[in-house]
Amino acid sequence: MATGKTIERTQKGKKWGAFAAPSGVWRGKDRRGLEGVGAPELRAILTAGREVEPRANRPETRTGELAGRAVATMFFEDSTRTRTSFCLAAERTSASVVDLSVATSSVNKGETLIDTARTIEAMGVSAMVVRARQNGAARMIADAVACPVINAGDGKHEHPTQGLLDAYTIAEARGRLADFDLSGLTVAIVGDVASSRVARSGIAGLTGLGARVVCVGPPGLAPRSLESLGCAVAHELDPVLPGVDAVMMLRIQFERHGDGEGKGAMKPAAAGIASIREYRELYGMTEERASRIKGGGKGGVILHPGPMNRGIEIDGAVADGARSLVLRQVAHGVAVRMAVLSMILGA
Ligand code: NCD
C-alpha cells in the first residue's frame, strides 16, 4: 500500500487509500478523454498524483497497489515517452506489464486492432493502454473488450494522461499544487493545434480546472473552429505573450497533414504554411520571445509534450533553459499515470 500522507475520502461508506479511487467514479471505467470531466474528478486524480509524486520516478518504487494485476500496453503508433511512462507507472504500482510490440505483432499480418485487443484480453489482462492512429480507436476497442481501456492517444482526438500531466506541471510552476485551482491563469497552446490530441486534452483539462486557454497559430493550424472547445484563438503570437502565464509549444505534425504520405517528411504546403523558415519567424519560441511571457525574466514557463523539433517551434536554448518545464512534464507523467491506473484498477 502507498505510504505517506493518505487522502481519505468516503464513498458509500468506504475509505479509499492514498491514490486509490478517491471518488470511485473512475473505478473499472475506460478513460478515453478529458472532455466533459469535471473539476472535482480532475482535482482528485491530480491530488492522487501529487501524493505519489515524490516516489514516482525512483526505480525501486513498488506501491503494492496493483499487485496481481496485469496491464497491457498496446501502441499501434510510435511513442517514446508515453509508452515508457505507462510501463514504469504500471510496474511501480506493482502490476505486471505486457508491452505489445507492434513491430512483431500480427497487426502487421492484417489483424485488426479489435482482434488483437480481444486476443490479448483472452490471456487475462486487467486493463489495456492503447495508442492508435485512428480517432476514436480507444473507444472502439473499449466497446469490444470487457476490461478498462485507457487512451494513450487516438489520432487527433485526445491524450488524456498528457492533459493531466500538463495541468499538474503548470499547477506546480504556478504554486497551485494545494488545490489544483488554475483560476486566473492563462495558458497559450502554440502551433499545430488542429492535429494535436495533446491540445484537445489540454484545453479540456486546463479549462476544467479554471484556466483560460488561447490557441495560437496560422489559420490552417489553429482555426477559429477551435473556439467551440471553450478556448480563444489568435493567429499572432507576439501580442499574446505578455498576457499568458505559461506557453505550450507543439510540433507541426506533418504526418497528419495532406495525403499522409511520406511519413516524417516536412511538407509545409500540406500543413498550410508557406515555409518552415517563415513559421519559425512568426511562431518559434526563441529566448527573446520567452523573455516576453507574462512575469518576464524567470516568470515565463514553457512546456512541450515532445517530440521537439529544435530550431523550428522551439530553440534548443529555450528547451534546455531555466524556463523549460519539459523534463518536469516527463517526470510528472509517471506520477499521474500511476494515479490513473490505481484509480481505475485499485481495490
Ligand atoms: C505527442 C503525441 O504523440 O500525441 N507526444 C506525446 O505523447 N508526448 C505529440 C506529438 O506527437 O507531437
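Worth saying up front: this structure is predicted, and the values here are computed from it rather than measured.

Here is what the cut-offs are and how they apply
- Residues numbered from 1 in each chain as written.
- Predicted model: local features only at pLDDT ≥ 70, side-chain atom pairs only at ≥ 80, totals over all residues.
- Heavy atoms only, no water.
- Pairing = 2+ DSSP bridges.
- Helix = DSSP H or I, 4+ residues; strand = E, 2+ residues; numbered from the N terminus.
- Axes fitted to C-alpha atoms, helices over the stretch in contact; angles between N-to-C directions.
- Contact = heavy atoms within 4.5 Å.
- Near = heavy atom within 4 Å.
- Polar contact = N/O pair within 3.5 Å; in protein donor to acceptor, adjacent residues only side chain to side chain.
- Areas by Shrake-Rupley, 256 points an atom, 1.4 Å probe, with all protein chains shown as cover.
- Nonpolar A, V, L, I, M, F, W, Y, C, P; charged D, E, K, R; others polar.
- Core = buried A, V, L, I, M, F, W, Y, C linked by side-chain atoms within 4.5 Å.
- Buried < 20%, exposed > 50% of the residue type's maximum accessible area, 1.4 Å probe, protein only.
- Salt bridge = Lys/Arg side-chain N within 4 Å of Asp/Glu carboxyl O.

Trainee: Outline the sheet that holds strand 8 (residues 212-216), supporting the account with residue identities and numerical values.
Mentor: Ordered in space as 9-8-7-10-11, the 5 strands form an open sheet in which the pairing is parallel. Looking at strand neighbours, the two that pair on one side only are strand 9 (232-234) and strand 11 (301-303), the edges of this open sheet. Neighbouring strand axes in the sheet, compared pairwise and without regard to direction, differ in orientation by 25 degrees on average. Helix 6 (residues 197-208) contacts strand 7 (186-190), strand 8 and strand 10 (246-249) of the sheet and is inclined by roughly 155 degrees relative to strand 8.

Trainee: Report on the site of the ligand, specifying residues and quantitative values.
Mentor: Taken together, the neighbourhood of the ligand is formed by Arg81, Thr82, Arg131, His159, Gln162, Arg197, Val198, Arg251, Gln253, Pro305, Gly306 and Pro307. Thr82 places a polar side-chain atom, nitrogen or oxygen, 3.1 Å from an oxygen atom of the ligand. A total of 320 Å² of accessible area belongs to the ligand in isolation, and the protein chains cover 93% of it. Mapped by element, the contributors of at least two residues to the shell around the ligand are helix 2 (81-92) and helix 6. Among the residues forming the shell around the ligand, the class breakdown is 3 nonpolar, 5 polar and 4 charged.

Trainee: Kindly report on the nonpolar core, identifying the contributing residues and their values.
Mentor: If you look at the biggest cluster of nonpolar residues, it comprises 60 residues, and the most contacted ones within it are Leu46, Leu164, Ile189, Val193, Leu206 and Cys215. Once you skip the residues sitting within four places of it in the chain, Leu206 turns out to touch Ala167, Ile170, Leu182, Val187, Ala211 and Val213. Among the nonpolar cores identified, the runner-up in size contains 26 residues, and Leu237, Val240, Val244 and Phe254 belong to it.

Trainee: Which residues make up unusual backbone geometry, and what values go with them?
Mentor: Note that the residue after Gly306, namely Pro307, is joined by a cis bond; omega there is -5 degrees. Examined against the element boundaries, Pro307 turns out to sit in the loop between strand 11 and helix 9 (316-319). Residues other than glycine seldom take positive phi values, yet Ser94 does so here, at roughly 75 degrees. Here Ser94 shows up in the loop between helix 2 and strand 4 (96-100). Within the chain, Phe180 stands out as a residue other than glycine whose phi angle is a positive 50 degrees. Tracing the chain through its elements places Phe180 in the loop between helix 5 (160-173) and strand 7.

Trainee: Could you give me a rundown of the environment of Glu77, with the residues and numbers involved?
Mentor: With respect to the helices, strands and loops of the structure, Glu77 is situated in the loop between strand 3 (70-75) and helix 2. A relative accessible area of 14% places Glu77 in the buried class. Taking the C-alpha atoms as reference, Glu77 lies 9.0 Å from Gly153; in sequence the two are 76 residues apart. If sequence neighbours within four positions are ignored, Glu77 has contacts with Arg131, Ala132, Arg133, Arg197 and Arg256.

Trainee: I'd like to hear about the pattern of salt bridges, residue by residue, with values.
Mentor: Opposite charge on two side chains makes pairing possible when the charged atoms of those side chains draw close. In the structure shown here, the tally under the stated rule is 17 salt bridges. The residue Glu91 makes a salt bridge to Arg62 at a minimum N-O spacing of 3.3 Å. Of this pair, Glu91 sits in helix 2 while Arg62 sits in the loop between helix 1 (39-56) and strand 3; the two residues are 29 residues apart in sequence, bridging distant segments of the chain. Where Asp238 meets Arg289, a salt bridge forms, and the shortest distance between an N and an O atom there is 2.8 Å.

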